[in-house]
Amino acid sequence: MALKVGVSLVGLSGDKEKGIRQLSDAAHANGETGVDAGVLLMLFLRREHRYAEALEVARSITPRFPRNFLLSLEEGNLLRALGKNREAEAQYRHVWQNGRDGKYGNLHYEIAAIGLGDLLRSERNFPAAATAYELMADVQGPDPELLQKANLYAGEMYDQMQKRDLAMKKYQAVVATNSSSGEADRARRLMKDAYRE
């Protein structure tokens, strides 16, 4: 299947532009495969660093699937890739709030907290990034891997702010969640030597 998709994307000649045109045509044809073609087009454009075009495609698909948080989340990711950080922040917060309001059912919308934290961290706004990662504590039954990452990243932010006691608590929570993960290994190292960017 992957080979078929790859061949259809770029054609046997390997012409990327032709593949993008074909996907765009299929996405706008309103046929049975229009949405699938649109999602593939969005992902392909993202991979090619054509973020503005990918964002346009995402915005054309997302309203049709208001319960799909991944499409809304991808809008935030694309805005961030375009350097539109304030818009990306608003989008991550929008996804988070919709999830809190139950608009995504039991889906793990809490990944929006990590996206928000990563954005704020990239701006070196460590207190706000820590607060974003801490949003995970408000989620009932969060995905364990996402919780572990959020605790690790929050710990790193507390180390950056020289709040070692808070950082240590977060690292201990990481290890307690799953002591055999890569995040737990990193947390154990950070318990010995404080994180510094």
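None of the values given here were measured: they were computed from a predicted structure.

Overview of the overall build of the protein chain
Of regular secondary structure, the protein chain possesses 11 helices and zero strands. Mapped in sequence order, the helices and strands of the protein chain form the string α-α-α-α-α-α-α-α-α-α-α. Looking at the protein chain as a whole, 41% of its 197 residues qualify as buried. For the protein chain, the share of sequence-separated contacts (at least 6 apart) that also reach a separation of at least 24 residues comes to 51%. Accessible surface for the protein chain amounts to roughly 10,900 Å². Of this, 51% is attributable to carbon and sulfur atoms.

Comments concerning the pattern of salt bridges
The tally for this structure, following the rule as stated, stands at 16 salt bridges. Close ionic contact of arginine 59 with glutamate 75 constitutes a salt bridge, the shortest N to O distance being 3.4 Å. With a gap of 16 residues between them, arginine 59 in helix H4 (residues 51-61) and glutamate 75 in helix H5 (residues 69-81) connect regions that are remote in the sequence. Under the relative-accessibility criterion, arginine 59 is labelled partly exposed at 40%. Assessed through its relative accessible area of 8%, glutamate 75 is described here as buried. In this structure, the salt-bridge partner of aspartate 159 is arginine 164, at a minimum N-O distance of 2.9 Å.

Description of the side chain of asparagine 151
Checked against the element boundaries, asparagine 151 lands in helix H9 (residues 144-160). In contact with asparagine 151, not counting residues within four places along its chain, are Lys170, Ala173 and Val174.

Observations regarding H5
For H5, spanning 13 residues, the distance from its first C-alpha to its last is 18 Å, which sits close to the expected 18 Å at 1.5 Å a residue. If you check which residues of H5 are buried, you get Phe69, Leu71, Ser72, Leu73, Glu74, Glu75, Gly76, Leu78 and Leu79. The opening residue of H5 is asparagine 68, an N-cap whose side-chain oxygen sits 2.9 Å from the backbone nitrogen of leucine 70. Glycine 83 sits one or two residues past H5 and shows a positive phi near 80 degrees.

Rules behind the numbers
Residues numbered from 1 in each chain as written. Predicted model: local features only at pLDDT ≥ 70, side-chain atom pairs only at ≥ 80, totals over all residues. Heavy atoms only, no water. Helix = DSSP H or I, 4+ residues; strand = E, 2+ residues; numbered from the N terminus. Buried < 20%, exposed > 50% of the residue type's maximum accessible area, 1.4 Å probe, protein only. Contact = heavy atoms within 4.5 Å. Areas by Shrake-Rupley, 256 points an atom, 1.4 Å probe, with all protein chains shown as cover. Salt bridge = Lys/Arg side-chain N within 4 Å of Asp/Glu carboxyl O. Expected span 1.5 Å × (residues − 1). Polar contact = N/O pair within 3.5 Å; in protein donor to acceptor, adjacent residues only side chain to side chain.

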